[in-house]
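Inside the fold
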Amino acid sequence: MNSEKKLSHIDSQGNPQMVNISEKKATHRKAHAQSLMYLPKEILDLLQNNEIYTKKGAVFQTAVIAGVMGAKKTSELIPFCHPLGLDDCQINITINELKQVVIDCRVELTAKTGVEMEALTGVTIAALTVYDMCKALSQDIQILSSQLMEKTGGKKDFKRE
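I will try to describe carefully the structure that is included in this document. (Residues numbered from 1 in each chain as written. Predicted model: local features only at pLDDT ≥ 70, side-chain atom pairs only at ≥ 80, totals over all residues. Heavy atoms only, no water.)

**Things to note about the nonpolar core**
By size, the foremost hydrophobic cluster in this structure holds 32 residues, and its most contacted members are M37, L39, I103, V107 and V130. Sort the elements by how many residues they give to this core and helix α4 (residues 116-134) lands first, with seven residues. The residues touching M37, leaving out its near neighbours within four places in the chain, are Q100, V101, I103, A127, V130, Y131, I141, Q142, I143 and L144. (Core = buried A, V, L, I, M, F, W, Y, C linked by side-chain atoms within 4.5 Å. Buried < 20%, exposed > 50% of the residue type's maximum accessible area, 1.4 Å probe, protein only. Helix = DSSP H or I, 4+ residues; strand = E, 2+ residues; numbered from the N terminus. Contact = heavy atoms within 4.5 Å.)

**A few points about the sheet that holds strand β6 (residues 100-111)**
The five strands are arranged β5-β6-β1-β7-β8 in an open sheet whose pairing can be described as antiparallel. Only two strands of the sheet have a single partner each, and these edge strands are β5 (88-95) and β8 (158-159). Pairing of strand β1 (residues 27-38) with β6 involves twelve bridges; the strand directions are antiparallel. What sits directly across from R29, in β6, is L109. This element, helix α2 (residues 59-72), spans β5 and β6 of the sheet and lies at about 145° to β5. In the packing of α4 onto the sheet, contacts are made with β1, β5, β6 and β7 (142-152), and the angle to β1 comes to roughly 25°. (Pairing = 2+ DSSP bridges. Axes fitted to C-alpha atoms, helices over the stretch in contact; angles between N-to-C directions.)

**Here's the deal with the side chain of Q34**
Within the secondary structure, Q34 sits in strand β1. Looking at Q34, its side chain comes within polar contact range of the side chain of D104, at 2.8 Å. In this view, Q34 contacts V102, I103, D104, V123, S145, S146, Q147 and M149; residues no more than four positions away in its chain are not counted. (Polar contact = N/O pair within 3.5 Å; in protein donor to acceptor, adjacent residues only side chain to side chain.)

**A short note on the side chain of S138**
Position of S138 among the secondary structure elements: in the loop between α4 and β7. S138 gets classed as buried once you look at its relative accessible area, which sits at 9%. Once residues within four sequence positions are removed from consideration, S138 is found in contact with P40, E42 and I43.

**A look at the packing of α2 against α4**
Contact geometry of α2 with α4 gives a least axis separation of 7 Å together with a crossing angle of 145°. Crossing angle aside, the handedness with which α2 passes α4 is right-handed. On α4, the residues that touch V59, F60, T62, A63, A66, G67, G70 and A71 of α2 are E118, T121, G122, I125, A126, T129, V130, M133 and C134. Per-class residue counts for the contact of α2 with α4 are ten nonpolar, six polar and one charged. (Left-handed = near helix turned anticlockwise from the far one by under 90°. Nonpolar A, V, L, I, M, F, W, Y, C, P; charged D, E, K, R; others polar.)

In structure tokens, the structure reads:
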């Protein structure tokens with residue numbers, strides 16, 4: 001590992017720790033994460049007006065709600081994440097030209113720490129919700145990826161090409 005880089009959640013004795021952000025300055029921060037999913041044809045054939053309806057209800061609408069709830073509860077799920085009051089959390093679900101489900105989560109706030117984990121949690125919980133609501137129709141559902149696409153604010157910005 002590069003000697004200039006160190007894991008901020010590990011103390012000098014190698015023990016896990018929460019990062020102390022008390023001295024950091026609050027800045028405006030944004031993050032965008034994305035998940036891609038494969039749904040088999042028998043499920044995609046149920047798509048009507050950008051929504052899939054099952055006996056459990058409207059799949060994408062439910063996934064949006066679950067994703068926002070997940071983003072808001074990130075600090076309860078990931079041990080060293082600071083509790084954050086998000087200023088905004090938007091989940092958008094579409095089907096791309098490859099017939100993949102694309103889940104985007106965009107979050108923002110003004111705080112002393114970033115919101116990447118909230119965006120990643122939001123898309124992952126939304127993807128798991130789509131899986132759960134459609135699994136009775138097929139076991140051939142795949143969550144292909146969940147990744148950070150962009151973040152701004154804090155020490156440095158990041159944008160995936």
